[in-house]
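Per-entry structural report
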Amino acid sequence: MDSAADTVREDDPKAPLLPLHDPIHRSQSFNSFIRSIFTMKNFFVLLGPLLCAFVCLFVKLNDGSRNMLAVLAWMFTWWMTEAVPMPITSMAPLFLFPLFGIASADDVAHSYMDDVISLVLGSFILALAVEHYNIHRRLALNITLLFCGDPLNPPVLLLGICATTAFVSMWMHNVAAAVMMMPVATGILQRLPSGPTQSILVTNFCKAVVLGVTYSAAVGGMSTLTGTGVNLILVGMWKSYFPEASPISFNTWLFFGFPLALLIFIALWAILCLLYCRKGSSQALSAYLDKAHLRRELDLLDVDSTVDDEKHYRRHPGWGSLFKGRAGDGTASVMMATLLFIIPNKKQPGEKLMDWNKCKKLPWGIVLLLGAGFAIADGVRTSGLADVLSEMLDFLEKAPYWAIAPAVCLISSTITEFTSNNATTTLVIPLLIQIAQTMHRHPLLLMIPGAIGAQFAFLLPTGTPSNIVGFTTGHIEINDMLITGTPLKIAGILVLSVLMPTLGAFVFGTNEPLLNLSRS
């Protein structure tokens, strides 16, 4: 009977086409719909364009500078709030820059594939190869065994991981060092529980390790000329502007750079221990990092000797000069990565060291984020916003001697959070040279704090590729970088403020009269 009645109702031409709901249910559905719209995430999505519009309407700058500042407000709002996935926000310059007249679509697209990004891509493939053949696990186990202690001492283990990263970064590019050491660090963290069962003590230690590797790569690179491109830019500009002056040699920089990096490294380790290695960490970690068990696992780990070729990638001074400057770091990185797909692994006939299936884990989000950083750096320069920032440095002409280094370092370290390290150095140093001439001061008294400050990009993932490598592990968030990076930046500025007028004056002769220098 019910079935027949239902059939009659379905055939009734007066029956409603849509099912009827009672008013209470309709009200609940409407309220749920409203709540789904008015969320904090959607608010932050709208906040980006609103801030952009505010800058365009009320900030008094020339059109290019104002539009670039507006786009920065939009993008950094989305980055800071993560209202939109970070890789998607990283692609925003591809449509925002042309729409706001900052750059053409082709020019913006070129920023997403240059020599540095080629270096990073090649390094990621090499890192995947290291991970595939368990080289990172062997190194991770050795570091853990050497520094974990018995009983386990988390601060000492953290010191060992960070010190190893800093040492590696002294002799190779800091980005490559971060890419190489991050799998080692995460290899140690893989032994710890994850997910809902992970205690706050374990979570904090994971953050400390990832932040330690990220920042240690940057700090270690300050020690030598080969550790970062910023130091090479500084030396090149010094030679270009003052060809008759004594050049800055590798050893000269090492005498100043190593003590500087060492003191900043100690500050980094102390900050990480205070923030993340709290009481009870040893007991929480010791169950998963037992020394006897680690030693047994290391004995069982068999790493085939045929993968030694993977460790051949390092920075070779003079590479570019062999090809009249046409070859760069990315050339070497991609070439070595390509060889992994050609060299046999001597395990099975026809099998190579790497195949493309192993590369499916390539972190393309990092590539997009890095490209966005380069696009922003180009946009800041071409839009005229760089000139506006430069005009803010005029007050340095009236600064007392002791305040020069901290003031220059603070300004440079602020700018570098929004542009690449190299772009900041290229932007700031020529202006500092001009100001030094006006002040009748030795140019290196301003140039070195400007270059070192450009490497203090500790607050945002976009500040440097090393930060991006750490951020994409999933163990840290932007707030963690802000909480750790702020005191680290302050410590770095304080260390430089003390060393520059003391050790710097001894090593670089910054107390000499300006008349002894000739400018081209």
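Residues numbered from 1 in each chain as written. Predicted model: local features only at pLDDT ≥ 70, side-chain atom pairs only at ≥ 80, totals over all residues. Heavy atoms only, no water.

Test applied: UniProt positions are given in the numbering used here, feature names are shortened, and annotations may be inferred rather than shown by experiment.
For the protein, an unreviewed UniProt entry supplies the name Tonoplast dicarboxylate transporter and the organism Sesamum angustifolium. Recorded in UniProt under Subcellular location (unreviewed entry), the annotation for the protein is "Membrane".

Some points on the overall build of the protein
Heads up, the rule is: Strands are runs of DSSP state E lasting at least two residues, helices are runs of H or I lasting at least four, and both sets are numbered from the N terminus onward. Each residue gets one of three labels from its accessible area relative to the maximum for its type: buried under 20%, exposed over 50%, partly exposed in between, using a 1.4 Å probe on protein chains only. We call two residues in contact when some of their heavy atoms are within 4.5 Å. Surface accessibility follows the Shrake-Rupley procedure with a 1.4 Å probe radius. Residue values consider only the protein chains on display as shielding.
Summing up its helical and strand segments, the protein has 25 helices and zero strands in all. Burial analysis of the protein (520 residues in total) assigns 50% to the buried set. Long-range contacts, defined as pairs at least 24 residues apart, comprise 78% of the intrachain contacts of the protein with a sequence gap of at least 6. Surface exposure of the protein reaches about 25,000 Å², of which carbon and sulfur atoms provide 64%.

A few points about the packing of helix α13 (residues 229-241) against helix α23 (residues 444-453)
Under the convention used in this document: Every axis in this analysis is a line fitted to C-alpha atoms, fitted for helices over the stretch in contact. Angles between the N-to-C directions lie between 0 and 180 degrees. Here is the rule for angles: anything less than 35 degrees is roughly parallel, anything more than 145 is roughly antiparallel, 65 through 115 is roughly perpendicular, and the remaining ranges are oblique. Whether a crossing is left-handed or right-handed is set by the direction in which the near helix is turned from the far one by less than a right angle, anticlockwise for left-handed and clockwise for right-handed. Three classes are used: nonpolar for Ala, Val, Leu, Ile, Met, Phe, Trp, Tyr, Cys and Pro, charged for Asp, Glu, Lys and Arg, and polar for all others, with Gly counted as polar.
Direction vectors running N to C along α13 and α23 enclose 160 degrees, while the axes themselves pass 10 Å from each other. With respect to α23, the element α13 is oriented roughly antiparallel. Every pair of crossing elements has a handedness; the one defined by α13 and α23 is right-handed. Judged by residue contacts, V230, L234 and W238 of α13 engage L444, M447, I448 and A451 from α23. Its residues placed into classes, the contact of α13 with α23 shows seven nonpolar, no polar and no charged.

Here's the deal with the packing of aromatic side chains
Put simply, the rule is: Only Phe, Tyr and Trp rings are paired, with Trp represented by its six-membered ring, and only when their centres lie within 6.5 Å; those with planes under 30 degrees apart are stacked, over 60 edge-to-face, the remainder tilted.
Within the structure shown, the criterion is met by nine aromatic pairs. Ring centres of W253 and F256 lie 6.0 Å apart, and the angle between their planes is 65 degrees; on these two criteria the pair is classed as edge-to-face. Taken together, the positions of W253 and F256, both in helix α14 (residues 250-276) and three residues apart, correspond to about one turn of that helix. For the pair W253 and F256, a shared accessibility class is recorded, and that class is buried. The rings of Y215, F456 and F458 are connected pair by pair, giving a single aromatic cluster.

Some details on helix α11 (residues 174-189)
Given 3.6 residues per turn, any residue in an α-helix points the same way as the ones three and four places further on. Rule in force here: Working rule for helices: expected span equals 1.5 Å times residues minus one. One axis is fitted to the seven residues ending at the residue and one to the seven starting there. The bend at that residue is the angle between these axes.
Given a rise of 1.5 Å per residue, 16 residues ought to cover 22 Å, and the 22 Å separating the end C-alpha atoms of α11 matches this to within 8%. Where α11 bends most, the angle comes to about 30 degrees, and this point is M181, followed within four residues by the proline P183. When you tally the buried positions in α11, you get 15 out of 16 residues, the bulk of the element.

A short note on the pattern of salt bridges
Where charged atoms of side chains with opposite charge meet at close range, the side chains can pair. Definition in use: Here, a salt bridge means any side-chain nitrogen of Lys or Arg that lies within 4 Å of a carboxyl oxygen of Asp or Glu.
Applying the stated criterion to the full structure yields three salt bridges. With a closest N to O distance of 2.9 Å, K489 and E417 form a salt bridge. Of this pair, K489 sits in helix α25 (residues 478-508) while E417 is found in the loop between α21 (401-415) and α22 (421-439), placing the two residues 72 residues apart along the sequence. Here K489 matches E417 in class, with each residue buried.

Overview of the confidence of the model for the protein
To keep it simple, the criterion reads: For every residue, the predictor reports its confidence as pLDDT, a number between 0 and 100.
Confidence in the prediction of the protein, expressed as mean pLDDT, is 78, and 80% of residues score 70 or more. Within the protein, helix α1 (residues 2-11) has the poorest average pLDDT of any element, 50, and helix α6 (residues 93-99) the best, 94. In the predicted structure, residues 303-318 sits below a pLDDT of 50 and forms 33 contacts with residues beyond four places in sequence or in another chain.

Concerning the packing of helix α12 (residues 200-221) against α25
Between α12 and α25, whose axes approach to 11 Å, the crossing angle comes to 50 degrees. As the angle between them shows, α12 and α25 are arranged oblique. Note that α12 runs across α25; the crossing there is right-handed. On α25, the residues touching K207, L211 and Y215 of α12 are D480, M481, T484, G485 and L488. Partitioning the contact of α12 with α25 into residue classes produces four nonpolar, two polar and two charged.

Remarks on the nonpolar core
Inclusion rule: We call a set of buried Ala, Val, Leu, Ile, Met, Phe, Trp, Tyr and Cys residues a nonpolar core when their side-chain atoms join them within 4.5 Å.
Grouped together as the largest cluster of nonpolar side chains are 142 residues, with contacts concentrated most on F97, I376, L446 and I448. Excluding residues that lie within four positions of it along the chain, F97 makes contacts with M68, V71, I102, A103, V108, A375, I376 and G379.

Notes on the side chain of K489
Judged by relative accessible area, K489 falls into the buried class, the value being 9%. The contact partners of K489, leaving out residues within four places of it in the chain, are S413, E417, F456, F458 and L459.

Some thoughts on helix α4 (residues 63-81)
Look at α4: 27 Å from first C-alpha to last across 19 residues, which is about the 27 Å you get at 1.5 Å a residue. Remark: E82 follows α4 within two positions and exhibits a positive phi of approximately 55 degrees.

Some remarks on the state of the cysteines
Linking two cysteines covalently through their sulfur atoms gives a disulfide. For clarity, the cut-off: The definition used for a disulfide is geometric: two cysteine sulfur atoms within 2.5 Å.
Taken as a whole and assessed by the stated rule, the structure comprises zero disulfides. Of all cysteine sulfurs, the one in C273 lies closest to C277, which takes part in no disulfide; the gap is 4.7 Å.

Focus on the environment of W74
Along the chain, W74 turns up in helix α4. Spatially, the C-alpha atoms of W74 and L46 are 9.3 Å apart, while their sequence positions differ by 28 residues. With near-sequence residues (within four places) excluded, W74 lies in contact with G48, P49, C52 and L96.

Things to note about the side chain of T224
As a reminder, the rule being used: Nitrogen and oxygen atoms within 3.5 Å of one another constitute a polar contact, given that in protein one can donate a hydrogen and the other can accept it, and given that sequence-neighbouring residues count only through two side-chain atoms.
By the element assignment, T224 lies in the loop between α12 and α13. Only 2.4 Å separates the side chain of T224 from the backbone oxygen of M170, close enough to count as a polar contact. Contacts of T224, omitting those with residues within four sequence positions, involve M170, W171, N231, F250, W253 and L254.

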